[in-house]
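What follows is the residue order along each chain.
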Amino acid sequence: MLPGWNSSQEQCCGNWTPDGNYFVFETDRGRNEATLWAIREKSGLLRRRNPDPVPLTTGQGSMFSAVPSRDGKKLFAIQGATQGQLVRYDARSQQFVPYLSGISAIRLAFSKDGQWVAYSSFPDGTLWRSRVDGTERLQLSPSSMVRAGAPQWSPDGKQIAFSANPGTNKHIYIVSVDGGAPKEVTKGERVDFYPNWSRDGNSLFFSSMAAIAIYQLNLKTNQVTTLTGSKGMWFPSLSPDYNYIAALSSTNHLMLFDLKAQKWTELTQTQADYPAWSHDGKYVYFSSTAGGEPAFYRVQIKDHKLERVASLKDVKRPTSGTFASWTGLAPDDSLLALRDISTFEIYTLDWQLP
């Protein structure tokens, strides 16, 4: 509809004025910067149609979901900011409390010594790293990258692999923990994400949505191979001892792949999201709504015993933003989630249409 126009932003979510003369829509940078636009559909006999949309709102505030009134004299829209608060489950009080000063972040990954953390800021999807006390904070992905996240520390702690959208498709990148230009290591038409380092740091395991499976990339030869029996599998998570991969099946059942035996087994038939290994490698934690309410579960690797750990029903979850329902683990295996602290209001705008 608008080829080549404003290609750096996503366009969506339009509505017509009652007379059908204007189409009102929004653009979004993904950083609480949604802007409303109008484009004229029809024109009078002596008036040429302006092919370019006209901005209706400006400034740093985000305004979206516009609906013209029935008489066409007003425009209703929502203004606000999507914001989250990182929380940790305190087993003693059985409450979720702010963690890392309650930053708005998802998809956290901690260094082996637990002193550093990499994360994707929410909702803008920029990759950062810092010490766990918040100091020495450094942006690792350029602002032009879209939805950078799923970071994983290399075995030597010197690099971070992550996924991001350079354009149309999501690819895997590697960046130094000290910053610099990220290196794109996967290319092509696949939609690649969730990278995991091998024990020697010479390859990455990752999943793809274009041809759903789990792949292994040899970083020295750039050769990509498909993991045995992984068709339909996604969201790989490598165990701390590098011997197993936990992943989700096409029905979101939790699966386990033995890298030595090259064999898959089913850990649980409970529908699972965001699998994460305990730091001793004995359990895989995940979140699920299978029990009728959102909750944390864990399954033991040894005997496949399933346990319900904590409820998430009292944690208001964000309803917008990619991966807003993310859950994970802190270095001490305490449970992490994102609480919604967004603020939104409905506004009426008076406007005059030519």
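Cut-offs used in this document
- Residues numbered from 1 in each chain as written.
- Predicted model: local features only at pLDDT ≥ 70, side-chain atom pairs only at ≥ 80, totals over all residues.
- Heavy atoms only, no water.
- Helix = DSSP H or I, 4+ residues; strand = E, 2+ residues; numbered from the N terminus.
- Rg over C-alpha atoms; globule rule 2.2 N^0.38 Å.
- Buried < 20%, exposed > 50% of the residue type's maximum accessible area, 1.4 Å probe, protein only.
- Areas by Shrake-Rupley, 256 points an atom, 1.4 Å probe, with all protein chains shown as cover.
- Lys, Arg positive; Asp, Glu negative; His and termini not counted.
- Charge placed at Lys NZ, Arg CZ, Asp CG, Glu CD.
- Pairing = 2+ DSSP bridges.
- Disulfide = S-S within 2.5 Å.
- Axes fitted to C-alpha atoms, helices over the stretch in contact; angles between N-to-C directions.
- Phe/Tyr/Trp six-rings, centres within 6.5 Å; stacked < 30°, edge-to-face > 60°.
- Lys NZ or Arg CZ within 6 Å of the ring centre and 35° of its normal.
- Core = buried A, V, L, I, M, F, W, Y, C linked by side-chain atoms within 4.5 Å.
- Salt bridge = Lys/Arg side-chain N within 4 Å of Asp/Glu carboxyl O.

Draft legend 1. A look at the overall build of the chain. Within the chain one finds 0 helices and 31 strands. Relative to its length of 354 residues, the chain is compact, with a C-alpha radius of gyration of 23 Å against a globular reference of 20 Å. Counting only C-alpha atoms and orienting by the principal axes, one finds that the chain spans roughly 75 × 50 × 40 Å. Every one of the 354 residues in the chain was classed for burial, and the buried ones make up 49%. Summing over all exposed atoms, the chain offers an accessible surface of approximately 18,000 Å²; the carbon and sulfur share of this is 48%. Each charge class in the chain was averaged separately, 37 positive and 33 negative side chains, and the resulting centres sit 2 Å apart.

Draft legend 2. Quick peek at the sheet that holds strand E11 (residues 127-131). Within the open sheet, the 4 strands sit side by side as E9-E10-E11-E12. Their pairing is antiparallel. One side of each edge strand has no neighbouring strand; the edge strands of this open sheet are strand E9 (105-110) and strand E12 (138-139). Looking at chain direction, E11 and E12 are connected through 2 bridges and run antiparallel. By the bridge assignment for E12, Arg129 is matched with Leu138.

Draft legend 3. Representation of the state of the cysteines. A full pass over the atoms with the stated rule returns 1 disulfide. A disulfide bridge connects Cys12 with Cys13, and the sulfur atoms are separated by 2.4 Å. Note on the Cys12 and Cys13 pair: the S-S dihedral is about -80 degrees, so by sign convention the disulfide is left-handed. By relative accessible area, Cys13 is classed as partly exposed at 47%.

Draft legend 4. Here's a closer look at the pairing of strand E17 (residues 192-197). Buried residues dominate E17, accounting for 6 of its 6 residues. Bridging between E17 and strand E18 (residues 203-208) involves 4 bridges; their strand directions are antiparallel. Bridge pairing in E18 places Phe193 opposite Ser207. Hairpin connection of E17 to E18: 5 residues between the antiparallel strands, including Gly201 at a positive phi of 75 degrees.

Draft legend 5. Representation of the sheet that holds strand E30 (residues 335-340) within the structure. As summarised here, the arrangement of the 4 strands in space is E8-E7-E30-E29, forming an open sheet in which the pairing is antiparallel. Here the strands that pair on one side only, and so sit at the sheet edges, are strand E8 (95-98) and strand E29 (327-329). Ignoring strand direction, the axes of neighbouring strands in this sheet form an average angle of 40 degrees. Relative to E8, strand E7 (residues 84-90) runs antiparallel, the two sharing 4 bridges. Within E8, the position partnered with Asp90 by the bridge is Gln95.

Draft legend 6. Inspection of the packing of aromatic side chains at higher detail. Using the criterion set out here, one finds 14 aromatic pairs in the structure. Relative to Tyr194, the ring of Phe193 has its centre 4.6 Å away and its plane inclined at 75 degrees; by these criteria the two rings are edge-to-face. On the basis of an interplanar angle of 65 degrees and a centroid distance of 5.8 Å, the ring pair of Trp234 and Phe235 is categorised as edge-to-face. Aromatic ring contacts, followed pair by pair, group Phe193, Tyr194, Trp234, Phe235 and Tyr274 into a single cluster. A cation over an aromatic ring shows up here: Arg190 above the ring of Tyr215, its NZ or CZ 5.5 Å from the ring centre. Just above the ring of Tyr283 sits the side chain of Arg298; from NZ or CZ to the centre is 3.8 Å.

Draft legend 7. Structural context of the pairing of strand E14 (residues 159-165). The element E14 is largely enclosed, with a buried count of 6 among its 7 residues. Sheet analysis places strand E13 (residues 146-153) next to E14, joined by 4 bridges and oriented antiparallel. Along E14, the bridge assignment pairs Gly149 with Ser163. Between the antiparallel neighbours E13 and E14 lie 5 residues, among them Gly157 with a positive phi of about 70 degrees. Sheet topology note: the E14/strand E15 (residues 171-176) ladder contains 6 bridges and is antiparallel. Note that in E15 the partner of Ser163 across the bridge is Ile172.

Draft legend 8. How the structure looks around the nonpolar core. Core analysis: the biggest nonpolar cluster contains 34 residues, and Tyr99, Leu108, Leu254, Leu267, Val284, Trp326 and Leu336 have the highest contact counts within it. Tallying contributions element by element places E9 first for this core, with 4 residues. Grouped together as the second largest cluster of nonpolar side chains are 14 residues, Trp116, Ala148, Trp153 and Val177 included.

Draft legend 9. A look at the pattern of salt bridges. Taken as a whole, this structure holds 7 salt bridges when the rule is applied. Between Asp350 and Lys74 there is a salt bridge, with the nearest N and O atoms lying 2.6 Å from each other. With Asp350 in strand E31 (residues 343-350) and Lys74 in strand E6 (residues 74-81), this pair connects stretches of sequence that are 276 residues apart. Residue Lys74 is classed as partly exposed on the basis of its relative accessible area, which comes to 34%.

Coordinates in, geometry out; function isn't part of it.
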